[in-house]
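Results of the structural survey
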Amino acid sequence: MLVARDRGHTGVQQGGADILFGLARNLTRLGALPEKLVWDRESAIAAGGRPTEAFAAFCGRLEVGWVILEARDPQAKGLLERSHRFMRSNFEPGRVFANHLDYQDRLDAWTDKVNQRQHRTVRAVPAERLAEEKMQMRPLPARMPDLDRRQVLRVPAQPFVRIDRNDYSIDPAFAGRRIELRVSQTHITGVVLDTGELACRHRRVFAGGLTLLDPAHQSR
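The rules behind these values
- Residues numbered from 1 in each chain as written.
- Predicted model: local features only at pLDDT ≥ 70, side-chain atom pairs only at ≥ 80, totals over all residues.
- Heavy atoms only, no water.
- Buried < 20%, exposed > 50% of the residue type's maximum accessible area, 1.4 Å probe, protein only.
- Helix = DSSP H or I, 4+ residues; strand = E, 2+ residues; numbered from the N terminus.
- Pairing = 2+ DSSP bridges.
- Axes fitted to C-alpha atoms, helices over the stretch in contact; angles between N-to-C directions.
- Contact = heavy atoms within 4.5 Å.

We now examine the pairing of strand 5 (residues 149-154). On a regular strand, one side chain projects to one face of the sheet and the next to the other, so that they alternate. By the alternation rule, side chains of strand 5 split into Arg 149, Gln 151 and Leu 153, which are all buried, and Arg 150, Val 152 and Arg 154, of which none is buried. As judged from the six bridges shared by strand 5 and strand 8 (residues 178-183), these two strands associate in the antiparallel manner. Across the sheet, residue Arg 150 finds its bridge partner in strand 8, namely Arg 182.

The four strands lie next to each other as 5-8-9-10, forming an open sheet whose pairing is antiparallel. The sheet terminates laterally at strand 5 and strand 10 (198-203), the two strands that pair on one side only. Strand-to-strand twist of the sheet, defined as the mean angle between neighbouring strand axes without regard to direction, takes the value 15°. With five bridges connecting them, strand 9 (residues 187-192) and strand 10 associate as antiparallel partners. Following the sheet pairing, Thr 189 is matched in strand 10 by Arg 201.

Attention now goes to the pairing of strand 7 (residues 166-169). Side-chain alternation along strand 7 places Asn 166 and Tyr 168 on one buried face and Asp 167 and Ser 169 on a second face that is also buried. Hairpin connection of strand 6 (residues 160-163) to strand 7: two residues between the antiparallel strands, including Asp 164 at a positive phi of 60°. Bridge analysis of strand 7 against strand 11 (residues 211-212) gives two bridges, and the strand direction is parallel. Looking at the pairing, Tyr 168 lines up with Leu 212 of strand 11.

For the rest of this paragraph, the subject is the environment of Asp 112. Positionally, Asp 112 belongs in helix 5 (residues 100-114). It is 8.1 Å that separates the C-alpha atoms of Asp 112 and Ala 127, two residues lying 15 residues apart in sequence.

On to the environment of Gly 209. Inspection of the secondary structure assignment puts Gly 209 in the loop between strand 10 and strand 11. Between the alpha carbons of Gly 209 and Asp 164 there is a distance of 9.2 Å; along the sequence they are 45 residues apart. Once you skip the residues sitting within four places of it in the chain, Gly 209 turns out to touch Arg 165 and Asn 166.

Moving on to the environment of Ala 71. Tracing the chain through its elements places Ala 71 in the loop between strand 4 (65-68) and helix 4 (74-90). Taking the relative accessible area as the measure of exposure, Ala 71 reaches 33% and is therefore partly exposed. Sequence spacing of Ala 71 and Gly 48 is 23 residues, and the spatial spacing of their C-alpha atoms is 8.6 Å.

Read these as layout, nothing more, since geometry by itself doesn't imply function.
Here it is in C-alpha coordinates:
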(Lines give C-alpha, C1' and ligand atoms only; values in the text may rest on other atoms or scores of the structure.)
Protein backbone atom coordinates (compact mmCIF):
# COMPACT_ATOMS: atom_id res chain seq x y z
CA MET A 1 0.00 0.00 0.00
CA LEU A 2 1.02 3.62 -0.47
CA VAL A 3 1.29 6.28 2.18
CA ALA A 4 0.32 9.83 1.21
CA ARG A 5 -0.03 13.15 2.99
CA ASP A 6 -3.41 14.84 2.79
CA ARG A 7 -4.16 17.99 4.80
CA GLY A 8 -1.91 16.82 7.62
CA HIS A 9 -3.41 13.33 7.73
CA THR A 10 -1.64 10.11 6.87
CA GLY A 11 -3.58 8.14 4.27
CA VAL A 12 -3.57 4.43 3.50
CA GLN A 13 -4.95 3.81 0.05
CA GLN A 14 -7.45 1.03 -0.53
CA GLY A 15 -6.55 -1.85 -2.80
CA GLY A 16 -8.11 -5.19 -3.58
CA ALA A 17 -7.82 -6.60 -0.06
CA ASP A 18 -11.54 -6.24 0.68
CA ILE A 19 -12.46 -7.88 -2.63
CA LEU A 20 -10.05 -10.74 -1.99
CA PHE A 21 -11.51 -11.15 1.50
CA GLY A 22 -14.94 -11.58 -0.06
CA LEU A 23 -13.54 -14.06 -2.55
CA ALA A 24 -11.86 -16.05 0.23
CA ARG A 25 -15.11 -16.05 2.17
CA ASN A 26 -16.97 -17.40 -0.86
CA LEU A 27 -14.42 -20.19 -1.24
CA THR A 28 -14.79 -21.01 2.43
CA ARG A 29 -18.56 -21.25 2.07
CA LEU A 30 -18.05 -23.38 -1.02
CA GLY A 31 -15.84 -25.68 1.01
CA ALA A 32 -13.44 -26.57 -1.81
CA LEU A 33 -11.01 -25.10 -4.33
CA PRO A 34 -11.96 -24.89 -8.03
CA GLU A 35 -9.29 -25.29 -10.68
CA LYS A 36 -9.56 -21.65 -11.79
CA LEU A 37 -11.14 -18.39 -10.65
CA VAL A 38 -13.04 -16.36 -13.24
CA TRP A 39 -12.96 -12.57 -13.00
CA ASP A 40 -13.71 -9.54 -15.11
CA ARG A 41 -11.35 -6.61 -15.62
CA GLU A 42 -12.06 -4.80 -12.39
CA SER A 43 -9.08 -2.53 -11.74
CA ALA A 44 -8.41 -3.84 -8.22
CA ILE A 45 -8.09 -7.40 -9.55
CA ALA A 46 -7.15 -7.34 -13.22
CA ALA A 47 -6.56 -3.86 -14.58
CA GLY A 48 -6.12 -3.98 -18.34
CA GLY A 49 -6.66 -7.73 -18.33
CA ARG A 50 -3.53 -8.47 -16.28
CA PRO A 51 -3.90 -9.82 -12.73
CA THR A 52 -2.68 -7.50 -10.02
CA GLU A 53 0.20 -8.59 -7.82
CA ALA A 54 -2.18 -9.09 -4.89
CA PHE A 55 -4.59 -11.26 -6.89
CA ALA A 56 -1.77 -13.33 -8.39
CA ALA A 57 -0.27 -13.85 -4.92
CA PHE A 58 -3.68 -14.89 -3.56
CA CYS A 59 -4.10 -17.48 -6.34
CA GLY A 60 -0.52 -18.63 -5.88
CA ARG A 61 -0.98 -19.32 -2.18
CA LEU A 62 -4.09 -21.36 -2.96
CA GLU A 63 -2.51 -22.99 -6.03
CA VAL A 64 -5.45 -22.09 -8.28
CA GLY A 65 -5.38 -20.58 -11.74
CA TRP A 66 -7.42 -17.71 -13.13
CA VAL A 67 -9.38 -16.68 -16.18
CA ILE A 68 -9.64 -12.95 -16.90
CA LEU A 69 -12.55 -12.21 -19.22
CA GLU A 70 -11.84 -10.56 -22.54
CA ALA A 71 -12.73 -6.92 -23.00
CA ARG A 72 -16.11 -6.19 -24.59
CA ASP A 73 -17.40 -9.71 -24.00
CA PRO A 74 -21.01 -9.07 -22.91
CA GLN A 75 -21.98 -12.73 -22.97
CA ALA A 76 -19.31 -13.85 -20.50
CA LYS A 77 -19.76 -10.77 -18.33
CA GLY A 78 -23.51 -11.30 -18.34
CA LEU A 79 -23.06 -14.76 -16.84
CA LEU A 80 -21.29 -13.18 -13.88
CA GLU A 81 -23.72 -10.31 -13.47
CA ARG A 82 -26.92 -12.31 -13.84
CA SER A 83 -26.68 -13.59 -10.28
CA HIS A 84 -26.20 -9.99 -9.07
CA ARG A 85 -29.37 -8.89 -10.81
CA PHE A 86 -31.24 -11.87 -9.38
CA MET A 87 -30.10 -10.91 -5.88
CA ARG A 88 -31.14 -7.27 -6.30
CA SER A 89 -34.57 -8.17 -7.66
CA ASN A 90 -35.37 -11.16 -5.43
CA PHE A 91 -33.50 -10.65 -2.17
CA GLU A 92 -33.24 -6.92 -1.45
CA PRO A 93 -36.81 -5.68 -2.18
CA GLY A 94 -38.99 -5.49 0.92
CA ARG A 95 -36.13 -6.08 3.35
CA VAL A 96 -34.57 -3.60 5.78
CA PHE A 97 -31.10 -4.29 7.17
CA ALA A 98 -29.59 -3.13 10.45
CA ASN A 99 -26.05 -3.00 9.04
CA HIS A 100 -23.71 -4.77 6.63
CA LEU A 101 -23.31 -7.74 8.99
CA ASP A 102 -27.06 -8.23 9.16
CA TYR A 103 -27.19 -7.99 5.36
CA GLN A 104 -24.53 -10.67 4.97
CA ASP A 105 -26.09 -13.07 7.49
CA ARG A 106 -29.50 -12.84 5.86
CA LEU A 107 -28.05 -13.11 2.37
CA ASP A 108 -26.22 -16.31 3.38
CA ALA A 109 -29.42 -17.82 4.73
CA TRP A 110 -31.40 -16.78 1.64
CA THR A 111 -28.75 -18.20 -0.70
CA ASP A 112 -28.76 -21.53 1.11
CA LYS A 113 -32.55 -21.63 0.75
CA VAL A 114 -32.82 -20.75 -2.95
CA ASN A 115 -30.02 -23.14 -3.89
CA GLN A 116 -32.27 -25.99 -2.76
CA ARG A 117 -34.83 -25.15 -5.47
CA GLN A 118 -34.98 -26.51 -8.98
CA HIS A 119 -33.19 -24.12 -11.35
CA ARG A 120 -34.96 -23.64 -14.66
CA THR A 121 -31.82 -22.98 -16.71
CA VAL A 122 -29.62 -25.84 -15.51
CA ARG A 123 -32.67 -28.08 -14.85
CA ALA A 124 -31.18 -29.22 -11.57
CA VAL A 125 -31.02 -28.27 -7.91
CA PRO A 126 -27.87 -26.07 -7.59
CA ALA A 127 -26.96 -27.47 -4.17
CA GLU A 128 -27.08 -31.02 -5.52
CA ARG A 129 -25.12 -30.14 -8.66
CA LEU A 130 -22.53 -28.35 -6.55
CA ALA A 131 -22.13 -31.38 -4.27
CA GLU A 132 -21.30 -33.48 -7.33
CA GLU A 133 -18.79 -30.94 -8.66
CA LYS A 134 -17.08 -30.57 -5.29
CA MET A 135 -16.07 -34.22 -5.47
CA GLN A 136 -13.69 -33.20 -8.28
CA MET A 137 -12.24 -30.22 -6.40
CA ARG A 138 -9.32 -29.98 -4.01
CA PRO A 139 -9.94 -29.37 -0.30
CA LEU A 140 -9.38 -25.98 1.26
CA PRO A 141 -6.04 -25.35 2.98
CA ALA A 142 -5.86 -25.53 6.77
CA ARG A 143 -5.61 -21.72 6.81
CA MET A 144 -6.80 -19.27 4.18
CA PRO A 145 -4.43 -16.44 3.18
CA ASP A 146 -4.13 -13.51 5.58
CA LEU A 147 -5.65 -10.57 3.70
CA ASP A 148 -5.37 -7.80 6.30
CA ARG A 149 -3.74 -4.64 4.99
CA ARG A 150 -0.53 -3.64 6.77
CA GLN A 151 1.49 -0.43 6.51
CA VAL A 152 4.31 1.17 8.47
CA LEU A 153 3.86 4.92 8.84
CA ARG A 154 5.00 7.83 10.96
CA VAL A 155 2.29 9.46 13.10
CA PRO A 156 1.81 13.05 11.88
CA ALA A 157 1.44 16.12 14.08
CA GLN A 158 -2.31 15.91 13.49
CA PRO A 159 -2.61 12.31 14.66
CA PHE A 160 -5.15 10.82 12.28
CA VAL A 161 -4.89 8.11 9.66
CA ARG A 162 -7.13 8.11 6.59
CA ILE A 163 -8.36 4.68 5.60
CA ASP A 164 -10.62 4.49 2.58
CA ARG A 165 -12.73 7.65 3.09
CA ASN A 166 -12.62 7.92 6.90
CA ASP A 167 -10.18 9.48 9.36
CA TYR A 168 -9.28 7.51 12.51
CA SER A 169 -7.52 9.07 15.49
CA ILE A 170 -4.14 7.94 16.80
CA ASP A 171 -2.91 8.60 20.33
CA PRO A 172 -1.20 12.03 20.05
CA ALA A 173 1.42 10.88 22.55
CA PHE A 174 2.97 8.95 19.66
CA ALA A 175 3.25 11.85 17.22
CA GLY A 176 6.45 11.47 15.21
CA ARG A 177 6.77 7.77 16.11
CA ARG A 178 6.55 4.94 13.62
CA ILE A 179 3.68 2.50 13.92
CA GLU A 180 2.51 -0.57 12.08
CA LEU A 181 -1.10 -0.14 11.00
CA ARG A 182 -3.26 -3.19 10.43
CA VAL A 183 -6.61 -2.95 8.64
CA SER A 184 -8.88 -5.96 8.97
CA GLN A 185 -12.53 -6.34 8.06
CA THR A 186 -13.53 -5.43 11.61
CA HIS A 187 -10.83 -3.22 13.18
CA ILE A 188 -8.14 -0.61 12.60
CA THR A 189 -5.15 -1.29 14.86
CA GLY A 190 -1.88 0.61 15.22
CA VAL A 191 1.11 -0.65 17.22
CA VAL A 192 4.26 1.38 17.97
CA LEU A 193 7.16 -0.40 16.28
CA ASP A 194 9.90 0.04 18.86
CA THR A 195 7.86 -0.59 22.03
CA GLY A 196 4.80 -2.59 21.01
CA GLU A 197 2.46 -0.05 22.63
CA LEU A 198 -1.06 0.29 21.29
CA ALA A 199 -1.34 3.55 19.34
CA CYS A 200 -4.96 3.10 18.23
CA ARG A 201 -7.73 0.57 17.94
CA HIS A 202 -11.01 1.40 16.23
CA ARG A 203 -13.90 -0.63 14.95
CA ARG A 204 -13.78 -0.29 11.19
CA VAL A 205 -16.62 1.72 9.65
CA PHE A 206 -17.60 1.19 6.01
CA ALA A 207 -19.65 4.37 5.69
CA GLY A 208 -17.63 7.24 4.22
CA GLY A 209 -16.74 10.82 5.10
CA LEU A 210 -16.49 10.25 8.87
CA THR A 211 -13.97 11.19 11.55
CA LEU A 212 -13.62 8.55 14.25
CA LEU A 213 -12.12 9.98 17.44
CA ASP A 214 -11.27 7.78 20.41
CA PRO A 215 -12.27 9.75 23.57
CA ALA A 216 -9.03 8.61 25.20
CA HIS A 217 -7.07 10.37 22.46
CA GLN A 218 -9.09 13.58 22.89
CA SER A 219 -8.17 13.80 26.57
CA ARG A 220 -4.44 13.74 25.90
